[in-house]
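# Topology and contacts: notes
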Amino acid sequence: MSDAVLSARTALVTGASSGIGWETARLLSGLGATVLVHARTTAEAEDAVERLVAAGARRDQLVELAADFTKLSEVAVLAGTVVKHYPALDLLVNNAAAMAPERCTLTDDGNEVSLQVNFLAAHLLSKLLRAPLSAAGDARIVNVSSSLHRTASMNWSDPHRVKKYSRVAAYAQSQLALTMATAEMAPTGSGITAVSLNPGLCETALLPLYGRAGAPAAEGAAAVVRLCLPDVEVVNGAYYDGGLAAPTAQAAQEERSQKRLAKLADQLVGRAA
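Let us look at the structure shown here. Quick caveat, the model's predicted, so the values are computed rather than measured.

## Focus: the overall build of the chain
- Of the regular secondary structure elements, the chain holds nine helices and eight strands.
- For the chain, the proportion of its 273 residues judged to be buried stands at 51%.
- Across the chain, the fraction of contacts at a sequence separation of at least 24, relative to all contacts at a separation of at least 6, is 75%.
- Here the chain has roughly 11,700 Å² of accessible surface; of this, 51% comes from carbon and sulfur atoms.

Laid out in structure tokens, this is it:
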């Protein structure tokens, strides 16, 4: 594979300060892409970029971006910055994720925190970045999901699970929502292809939720980057596991549920959209 297979392409990787996101940024920059390195704070983004340069990345291919996804207003500002400076965006890797806390915790926007960070932020970003993604001509959105989405169900009447909360159920629901919403992020005629994947169980901050040993984060990142490569054919809305297309949870395939989720997500992001 040419080291410059992604040269002249621009990629935004969310949650790129550590784990799979950082490794994804490293691999994409190694393939020639300009990488917008997102982290929760400016200090974390600058630190991530310093470590990427120390690992061999070219400094002129890296751009720090900061936004706290527990605040939807910051997600909107991040999108506005990207639109202003990058009229064409080739890749959006929605990787940012948070472990659901022990107790039900709502953001200032009124959403359960893992639902907002893991799904609503990606939903909002994909909407607000549609113009530069479409302008790229053959853009891809890659949503980093989890096999746990297959264990989940959408609690339509109480999506924040205030009445009956379980951190595992809340986290799994956020991943189901992300997987279910993938096709909707790339409407017909937009020139965008959106896919989701399970990167495998890796040594990341989310590992305690699974309670098992994991593979190096670089392995998960390699699975993500594979779906970013122009010579790898992908199907819009498809879910991948271990590099191969895999079945999703039944709920994620139901058109009625997909439309219901899109409507709910638009309501939950509210004025930030």
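## Side note on unusual backbone geometry
- The phi dihedral of Ala8 is positive, around 70 degrees, even though this residue is not glycine.
- Residue placement: Ala8 occurs in the segment before strand 1 (10-13).
- Relative accessible area serves as the criterion here: at 81%, Ala8 is assigned to the exposed category.
- Even without glycine at this site, Arg161 takes up a positive phi of about 55 degrees.
- Counting through the fold element by element, Arg161 comes out in the loop between strand 5 (139-144) and helix 6 (167-180).
- Since its relative accessible area comes to 9%, Arg161 is described here as buried.

## So, the packing of helix 1 (residues 19-30) against helix 2 (residues 42-54)
- In contact at an axis separation of 10 Å, helix 1 and helix 2 are set at 50 degrees when each is read in the N-to-C sense. Relative to helix 2, helix 1 is oriented oblique. Relative to helix 2, helix 1 is oriented so that their crossing is right-handed. Along the contact surface, helix 1 presents Trp22, Ala25 and Arg26, while helix 2 presents Ala48, Arg51 and Leu52.
- Here the contact of helix 1 with helix 2 is composed, by residue class, of four nonpolar, no polar and two charged.

## So, the pattern of salt bridges
- Evaluation of the coordinates by the stated rule reveals nine salt bridges.
- As a salt-bridge pair, Asp60 and Arg58 come within 2.8 Å of each other at their nearest N and O atoms.
- Note on Asp60: relative accessible area 58%, which makes it exposed.
- The salt bridge partner of Arg167 is Glu102, with a shortest N-O separation of 3.1 Å. Note that Arg167 is positioned in helix 6 and Glu102 in the loop between strand 4 (91-94) and helix 4 (113-128), a separation of 65 residues in sequence.

## Notes on the sheet that holds strand 7 (residues 239-241)
- Spatially, 3-2-1-4-5-6-7-8 is the arrangement adopted by the eight strands of the open sheet, whose pairing is mixed. A strand with exactly one partner marks an edge of an open sheet, and here the two such strands are strand 3 (62-66) and strand 8 (244-245).

Cut-offs and rules
- Residues numbered from 1 in each chain as written.
- Predicted model: local features only at pLDDT ≥ 70, side-chain atom pairs only at ≥ 80, totals over all residues.
- Heavy atoms only, no water.
- Helix = DSSP H or I, 4+ residues; strand = E, 2+ residues; numbered from the N terminus.
- Buried < 20%, exposed > 50% of the residue type's maximum accessible area, 1.4 Å probe, protein only.
- Contact = heavy atoms within 4.5 Å.
- Areas by Shrake-Rupley, 256 points an atom, 1.4 Å probe, with all protein chains shown as cover.
- Axes fitted to C-alpha atoms, helices over the stretch in contact; angles between N-to-C directions.
- Parallel < 35°, antiparallel > 145°, perpendicular 65-115°, else oblique.
- Left-handed = near helix turned anticlockwise from the far one by under 90°.
- Nonpolar A, V, L, I, M, F, W, Y, C, P; charged D, E, K, R; others polar.
- Salt bridge = Lys/Arg side-chain N within 4 Å of Asp/Glu carboxyl O.
- Pairing = 2+ DSSP bridges.

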